[in-house]
Amino acid sequence: KSNAEVYGTVKGFGKLDGIRIAGSLGDQHAALLGQGCIETGSSKNTYGTGCFMLLNTGEKAVPSASGLLTTIGFKLGQNAPTNYALEGSVACAGRTVQ
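Since the structure is predicted, the reported quantities are computational estimates derived from the model, not experimental observations. (Residues numbered from 1 in each chain as written. Predicted model: local features only at pLDDT ≥ 70, side-chain atom pairs only at ≥ 80, totals over all residues. Heavy atoms only, no water.)

Novice: Explain the sheet that holds strand 3 (residues 43-47) here, please?
Specialist: Picture the strands of a sheet paired through backbone hydrogen bonds; they go either parallel or antiparallel. The strand order across the open sheet formed by four strands is 3-4-6-5, and the pairing between neighbours is antiparallel. Edge positions in the open sheet fall to strand 3 and strand 5 (69-74), since each of these has one partner strand only. Each adjacent strand pair in this sheet contributes to an overall mean axis angle of 30°, direction not counted. (Pairing = 2+ DSSP bridges. Helix = DSSP H or I, 4+ residues; strand = E, 2+ residues; numbered from the N terminus. Axes fitted to C-alpha atoms, helices over the stretch in contact; angles between N-to-C directions.)

Novice: Is there a simple way to explain the packing of aromatic side chains in this structure?
Specialist: Aromatic ring pairs are defined here through the distance separating the ring centres and the angle between the ring planes. Applying the stated criterion across every chain yields a total of zero aromatic pairs. Above the face of the Y7 ring, K1 is positioned so that its terminal group lies 5.7 Å from the ring centre. (Phe/Tyr/Trp six-rings, centres within 6.5 Å; stacked < 30°, edge-to-face > 60°. Lys NZ or Arg CZ within 6 Å of the ring centre and 35° of its normal.)

Novice: Even after reading the chapter, I still don't get a nonpolar patch on the surface, so can you show me in this structure?
Specialist: A surface patch of nonpolar side chains, amounting to about 310 Å² of accessible area, comprises F13, L16 and I19. Along the chain, the position of I19 falls in the loop between strand 1 (8-9) and strand 2 (20-21). (Patch = residues over 30% accessible without salt bridge, like charges linked within 9 Å, V, L, I, M, F, W, Y side chains within 5 Å. Areas by Shrake-Rupley, 256 points an atom, 1.4 Å probe, with all protein chains shown as cover. Salt bridge = Lys/Arg side-chain N within 4 Å of Asp/Glu carboxyl O.)

As structure tokens, then:
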């Protein structure tokens, strides 16, 4: 399934029962979209406990020669193409400053 489809409905939570669950994105992948990186070649950095960089590589899964992770960036609909990304991370960034 894509990141923008109905996955099912809420069950077992009283008044929330029947509400559709219609999206699924992980933290960094959601930030890729949230920061507007929908074009090939666009990238984002986020800083929190760690530091994470994602670079949108478009419809091509690009293997890294530098230790980055090739990952799925997003797929915005059942018939939409899958967009891939290269991801790099630093485990301790903001946490180190604290």
